[in-house]
Amino acid sequence: MRDLAELRKEIDEIDQQMVKLFEQRMAVSEEVAEYKVAVGKKILDKERERLKIQAVQAMTHNEFNSHGVEELYNQIMAMSRKLQYQRMEQQAIGRLPFVMVDELEKKSVRVVYQGVEGAYAQQAMFEFFGEDVNHFHVERWRDAMEAIAEGMADYGVLPIENSSAGIVNDNYDLLQEFDNYIVGEQVMTISHALLGTPDARLSDIRTVYSHPQGLMQCAKYLDENRQWQQISLLNTAVAAQKVAEDGDKTQAAIASTLAGKQHGLKVLKEQINFSGQNSTRFLIVTNQRIFRKDAGKVSICFEVSHESGCLYNVLSHFIFNNLNMCRIESRPIAEKNWEYHFFVDFEGNLNDSAVKNALRGIKEEALNMKILGNY
């Protein structure tokens, strides 16, 4: 039996040969990229890769090595594609359909938000655009997206994520559905209060209204009052409006103190959300494909084949280009059971070469890919 040092020495010699051959292969891949660019041929050729895998597997002598060679060559060919995407980008083949601007126009614009006066979305809008901005509100988030798409509003303000209750599922779906794009975000500290009619006391309350997210964010407090019926409405401020209009002292709303003030309600209990760090991230959306020159976050959505390794191959483009992913979410595809749209936020600017390389690779290898915005 050979000793360990001798075995390691042999492995080192083999590795030297493998690295040399790998670099030779990548040099040939560069020539392949030049040819494909010249004739307008796509980088990814799934049938060619499938046949290559079969060919190298046939050279192995046992099942373990066959599977190992399959994984190895999947990675080698993935690296070859990434090199080719890089070369295509260096030659500026195909540009992203987004226009860079120095600043977003905030003065002579019209902004839409969902809810009624006193909604958290209204507060987020004021924080981003200023309190003098021309604005209007609609009943549903879909209504807001339609208003932007149709040009009735220049921008819309949509909640996308809460630090306590998680994502707003419906708005992820709307971002994928509409040709509207994210150009900014506003993070708002959310402090929920229990609001009642001027003559109400806590002991009078029987029914509590709020948006589902508001109810979730106050779950611990509501668990202490399980005798209260919880009813979901479209918006926290809509809940405050309903309690004010009904004038029923057995009803209460979970909403902001501002909403209570605007609708003439009394604060029965302040700060009832279970997290003192409760915040909601709002997106600023427009129908224009623009991004600020100092934008630092990109959002995309994509769909991949329902096959082993497909999601990994797409995500590997972030690793290869040294891009930091901030989050990843999945949403079911209505017409395809157990298949999903994936939503990814990552750091970068659409002018960055690393971002362009990654997006080119993802666009080639995913079934579809949409840039949701750079902000």
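Look up: the structure comes first, before these words.
Presented here is an overview of the structure given in this document. Predicted model, so just to flag it, every value in this text is computed and none were measured.

**Regarding helix H11 (residues 310-320)**
Of all the residues in H11, the buried ones are Cys-310, Val-314, Leu-315, Ser-316, His-317 and Phe-318. Where H11 is buried, its residues contact helix H3 (63-90), strand S14 (297-303), strand S15 (325-333), strand S16 (336-347) and helix H12 (353-365). The first or second residue beyond H11 is Asn-322, which carries a positive phi of 55 degrees.

**Overview of the side chain of Thr-286**
Among the secondary structure elements, Thr-286 is positioned in strand S12 (residues 279-286). From its side chain, Thr-286 meets the backbone nitrogen of Gln-288 in a polar contact 3.4 Å long. Apart from residues lying up to four places away in sequence, Thr-286 is in contact with Ile-148, Asp-154, Tyr-155, Asn-180, Tyr-181 and Val-183.

**With respect to the packing of helix H1 (residues 4-39) against H3**
Packing of H1 against H3 brings their axes to within 9 Å, and their N-to-C directions diverge by 45 degrees. With respect to H3, the element H1 is oriented oblique. As for the relative orientation of H1 and H3, their crossing is right-handed in sense. Of H3, the residues touching H1 (which contributes Phe-22, Arg-25, Met-26, Ser-29, Glu-30, Val-32, Ala-33, Lys-36 and Val-37) are Tyr-73, Ile-76, Met-77, Met-79, Ser-80, Leu-83, Gln-84, Arg-87 and Met-88.

**Comments concerning the state of the cysteines**
Applying the stated criterion across every chain, the model contains zero disulfides. Between Cys-301, a free cysteine, and Cys-326, which holds the nearest cysteine sulfur, the sulfur-to-sulfur gap is 16 Å. The class of Cys-301 is buried, set by a relative accessible area of 3%. Cys-310 forms no disulfide, and the closest cysteine sulfur to it belongs to Cys-301, at a distance of 17 Å. The class of Cys-310 is buried, set by a relative accessible area of 17%.

**Brief notes about unusual backbone geometry**
One non-glycine residue, Gln-271, adopts positive backbone phi at about 50 degrees. The topology assignment puts Gln-271 in the loop between strand S11 (266-269) and S12. With a phi close to 55 degrees, Asn-322 is a non-glycine residue in the positive phi region. With respect to the helices and strands, the residue Asn-322 is situated in the loop between H11 and S15.

**Notes on the packing of helix H5 (residues 141-149) against helix H6 (residues 169-177)**
At a closest axis distance of 10 Å, the pairing of H5 and H6 adopts a crossing angle of 25 degrees. What the angle tells us is that H5 and H6 run roughly parallel. Between H5 and H6 the crossing geometry is right-handed. In this structure, H5 uses Trp-141, Arg-142 and Met-145 to contact H6, whose residues at the interface are Asp-170, Asn-171, Leu-174, Leu-175 and Glu-177. Looking at the contact of H5 with H6 residue by residue, the class counts come to four nonpolar, one polar and three charged.

Criteria and thresholds
Residues numbered from 1 in each chain as written. Predicted model: local features only at pLDDT ≥ 70, side-chain atom pairs only at ≥ 80, totals over all residues. Heavy atoms only, no water. Buried < 20%, exposed > 50% of the residue type's maximum accessible area, 1.4 Å probe, protein only. Helix = DSSP H or I, 4+ residues; strand = E, 2+ residues; numbered from the N terminus. Contact = heavy atoms within 4.5 Å. Polar contact = N/O pair within 3.5 Å; in protein donor to acceptor, adjacent residues only side chain to side chain. Axes fitted to C-alpha atoms, helices over the stretch in contact; angles between N-to-C directions. Parallel < 35°, antiparallel > 145°, perpendicular 65-115°, else oblique. Left-handed = near helix turned anticlockwise from the far one by under 90°. Disulfide = S-S within 2.5 Å. Nonpolar A, V, L, I, M, F, W, Y, C, P; charged D, E, K, R; others polar.

Without other data, these values stay purely geometric and don't point to any function.
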